[in-house]
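Each chain is listed here by its residues.
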Amino acid sequence: MDIQYIMGVVDASFAARQSIEKALRDIDRRALNAMVLVKRHGNALAGYGVVAQAFRERAAILKTSASHLQESIAPLIEAYMRILQHQRFAQSFQEMLSDSPLHDKACPNLISTRNKWQTTIHEEEAAARNILAQLLEAVQTLQEGVEEQEYIVTNGRIEAALAESTGAPLMRVSRDMGEAVRTVAQAIRSYRHQLESLEHESSTRL
Amino acid sequence: MDMEILQDYLPEARELLEKAQDDTLRLESDPNNDEVLASVFRAFHTLKGGAGFLEAEHLVSWTHHLEDLLDKLRSHTLVVNGAMIDAILRGLDVIDDMLQQLASGENPGPGPEELGQLIQELAAGKHAEQVSVNGPIESDATPSNPLPPEATPLVSQRPTAAGESGTLLVSQRPTAAGESGLFLEHTESASPRETAADEITDAEFEATLDALYGNKAPGMSDTPGSGKQNSDEISPEEFEQVLDQLYGKQAPGYEQPAVTAPVSAKSAESEQATAEIAPPTQSVSTTTSPSPEATNASKATLPVRSSAAAAQEAADTTLRVDAARLDAVMNQVGELVLLRNRLSSAIGNLGEENEDMLRIAREVDITVNDIQSTVMRLRMQPCKRLFQQLPRVVRDASRQLGKEVTLEIVGEDVEIDKAVVDALSGPMTHLLRNSLDHGVELPADRQAAGKARSAKIRVAAVHLGDKVRIEVSDDGRGIDSQFVTRKAVEKGVITAEQAARLSEQEAVELIFRPGFSTNDQVTDISGRGVGMDVVKETVRKLRGRLDIQTKPGLGTSISMEFPLTMAVLPVLYLRLRREIYALPVSSIESLLDIQESRIHRMSGRSVYRVDGTEVIPMVDLGRLLHDRPLRLGSEPVEGILTERGLIMVSEVLGNEDSVVKPIDFLAEQNWYQGATISGKGDVVLILDAGTLANHVIEHGDDSTIMDIFCKGAA
């Protein structure tokens, strides 16, 4: 793992955050749109109103889950940056020892310091893996939320079909909702893929 | 004056008056309809009775004269003619004035002497003119037929056994034994003049009975005194019902009237003939759908007892409640709605852990919704109340203007909030008069344009989800937008520069501006430049939406949409920087993510391209309310698409059912419909989307809140 790789993860996190936030805002707007439509049509669309309400509530939960995701990103990046820094320290001690043929007799403290850094790095790597695991867990929760949202969209489509006689453009609203959910799902999937490659990198390199 | 009796009397009297007016107009096209004649008679009779209790002598006397006239008409001693219809309608107006005086605690003064005299003379047969009894009244000048000699009324005025003059009334009712019986009633109310006019001999009376029943008259076999003595009084209503049942349309001397049809259905020849001899008012006919007349006619054959029983049942299950009490209940439900919102918000903040509380909140929500809709229904009234004055308006105005009109009324059964019914009475009258004056052409002009001589005005009420649309449309000449614009500039309503920027629709909508009129001369009907702006203002106050569609040469349609209820207003909360506002959901089309590439400048205004076809003005709420425009890209900006423009806000928060509290301490012209209390307990101002959009349309988007302050802050 190098700094470039970490920077790649930082960029991916930022892009994912932007994309998820935008898509969630879009979901929220679609849900509100549906609720406004329902309100404008009175009791005739009460069934769809329940769906729209559930869609909006789920969108709020997704938003909360996404914010938890963001909370875990910074410590992970910080942990990896520290590991990189400490790896460099350990590396410099290692180079010093390699430069001196009598290092094990003349500089016993160097060996001790190097070992100490390596222990620290191992501990930090374990901590980073923990954070990454938590992060992946948060992503998993987010994905489950998105799946529930997709289920609500399906219900919305059924309700829209049932209420077709009212003339309200519910099918279009449901399609828009579905698209917004798909955008979030895609952004999360791509982010998860990024994190999993980081996990893989961590387990092979460290 | 007994105030308790007055409180009961007034609403009932107004209902009777409205019904009487409606029936009188029906008489114009169907002068021989016994049912209608009896109904108008009963109305005057009941009005007189109530007025007697209140010691309103002049009202008693006035209704007595009208009752006199109607008595002659229903007994076919006299035949309805145009002069009588006019006199009855004018008489109804006088009664209306008298009722208003009663309502304000005064004892009504005497009615116009001249009209009173005329009614008495008409009742005495002095102005009786021959009219055709076979169909609608053709003309005031048409001669009338005297009552055919074979017409034998079942009201006999003759000396009684005691030697007193009186009236014998006959009725058919079940006897105590449950069989059908015929009963006689003696009253002493007949005046000497009535006696002279209505008198029949005993032999005639007996002959009529024999002709009807022969020797099988109900009650003939009854032994004298078997329960009859205790039931020898009948009400006028029962009497009328018995007459109807006995005779139907085969009463002696009764001739089947021609089928009533709108003038538009007449042949061209007869139209031409009518036009030559008749004043235009006779061409006004009213059709309703579903037609109450048709319903009544179909029910006319039902047994008398069943309809009386139904009326009794209805009376037992209905309750007259003071509107103020309903308003109080509605206000309390409003407070309950606000409390429900706060409860939901507070429980929502507890999070998902507290599932019991969430469930309770949902159940409270459902219960409050149910209470709200039940109470809302209490205030609903059928549009019939709003529409029933319109035939008279059309009749009078068309006569004044020399135009021929058929009025079609649709959706009288559609129900709407009482506040709307009460407030729309004036605007509806104005819309119709305006349509008659400006929209409908003279018969000759219509013919020249290849149209039917008789114009058609349609008034319709339709349910649209949680709204009701009331539409007034005509097939007249339509509105010439260029002419309207020119007049608006001439009258100083807008400047020439503003006129140049107007779209065609905006130009047509100039008719709703205060001070606008296309008439240079003020007439009874129009020309003062007030009226259409009042219509618009009333619609705005009722949180409605006004729309006008016109096609030159083909006609104009003005539609008004109102929420079903005025008590609760669903709103969308929005954030403008740090402040929260609300916008009525009814004014919102959808919520948009604003894209910079869709923003354009056009005629000094920022406009937004919604899709390939729709371009609408942008309303920057930051610029209007904060005097600082929202900066797209630098701060969060979302769009709310309304019917008149795209409102730019910082964030859309969510919707809620709210209760509007008036903010009458602000200047008349402001951006707000009122205020409400949000679920979080904050006071939130409710924006008026129409006013915001109109301001931008009129002044461009450079105007700021300072403009409105200059217009007059509180």
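Quick note: structure is the one above.
Quick notes on the rules
- Residues numbered from 1 in each chain as written.
- Chains lettered and ligands numbered in written order.
- Predicted model: local features only at pLDDT ≥ 70, side-chain atom pairs only at ≥ 80, totals over all residues.
- Helix = DSSP H or I, 4+ residues; strand = E, 2+ residues; numbered from the N terminus.
- Buried ≥ 20, exposed ≤ 12 C-beta atoms within 10 Å, placed from the backbone.
- Contact = placed C-beta atoms within 7 Å.
- Pairing = 2+ DSSP bridges.
- Axes fitted to C-alpha atoms, helices over the stretch in contact; angles between N-to-C directions.
- Nonpolar A, V, L, I, M, F, W, Y, C, P; charged D, E, K, R; others polar.
- Parallel < 35°, antiparallel > 145°, perpendicular 65-115°, else oblique.
- Left-handed = near helix turned anticlockwise from the far one by under 90°.
- Arc of directions from axis to C-beta.
- Core = buried A, V, L, I, M, F, W, Y, C linked by C-beta atoms within 7 Å.

Chemist: Explain the overall build of chain B residue by residue, including any values.
Modeler: A count of helices and strands for chain B gives 24 helices and 22 strands. Split into buried and exposed, the 714 residues of chain B put 38% on the buried side. Considering only intrachain contacts with a sequence separation of at least 6, the fraction spanning at least 24 residues in chain B is 70%.

Chemist: Before we move on, could you go through the sheet that holds strand β18 (residues 638–642) of chain B and cite the residues and values that matter?
Modeler: All names here are of chain B. If you trace the six strands from one edge of the open sheet to the other, you get β14-β18-β19-β17-β16-β15, paired in mixed fashion. Strand pairing shows two members of the sheet lacking a second neighbour, β14 (588–592) and β15 (599–602), which therefore form its edges. Geometrically, the sheet is characterised by an average inter-axis angle of 35 degrees between neighbouring strands, direction not taken into account. Where β18 meets strand β19 (residues 646–649), four bridges bridge the pair, whose relative direction is antiparallel. Directly across from Leu641, in β19, lies its bridge partner Leu646. Against the sheet, helix α23 (residues 689–699) makes contact with β16 (605–609), β17 (615–620), β18 and β19, and its axis sits at roughly 100 degrees relative to β17, the strand it touches most.

Chemist: Hey, could you go over the interface of chain B and chain A for me, with residue numbers and the actual values?
Modeler: The partner chain A presents 11 residues to the 14 residues of chain B that form the contact. Contributing elements (two or more residues each) for the side of chain B that touches chain A: β12 (569–576), β14 and β20 (651–658) of chain B. Considered class by class, the residues forming the side of chain B that touches chain A number seven nonpolar, five polar and two charged.

Chemist: Explain the packing of helix α4 (residues 82–103) of chain B against helix α5 (residues 113–123) of chain B to me, and be specific about the residues and the numbers.
Modeler: All names here are of chain B. At a closest axis distance of 10 Å, the pairing of α4 and α5 adopts a crossing angle of 135 degrees. When the axis of α4 is compared with that of α5, the two are oblique. Where α4 crosses over α5, the two elements pack in a sense that is left-handed. Between α4 and α5, the contacting residues are Ala83, Met84, Ala87, Arg90, Gly91 and Val94 on the first element and Leu115, Leu118, Ile119 and Leu122 on the second. When its residues are assigned to classes, the contact of α4 with α5 shows eight nonpolar, one polar and one charged.

Chemist: Just give me the short version of helix α21 (residues 532–541) of chain B, but keep the residues and values in it.
Modeler: Residue and element names in this part refer to chain B. Along α21, the residues that are buried comprise Met532, Val535, Lys536, Thr538 and Val539. Considered in projection along α21, the buried side chains sweep an arc of 165 degrees and stay on one side of the axis. After α21 finishes, the residue Arg543 shows a positive phi value of roughly 60 degrees.

Chemist: Residues and numbers for the nonpolar core, please.
Modeler: Core analysis: the biggest nonpolar cluster contains 135 residues, and Ala34 and Val184 of chain A together with Leu572, Leu583 and Val619 of chain B have the highest contact counts within it. Take this core: its biggest share by element is 13 residues, from helix α1 (residues 3–41) of chain A. Among residues more than four places away in sequence, those in contact with Ala34 of chain A are Tyr48, Ala52, Phe55, Val173 and Met177 of chain A. Formed by 39 residues, the second largest nonpolar core is a distinct cluster that contains Val80, Met84, Leu92 and Ile119 of chain B.

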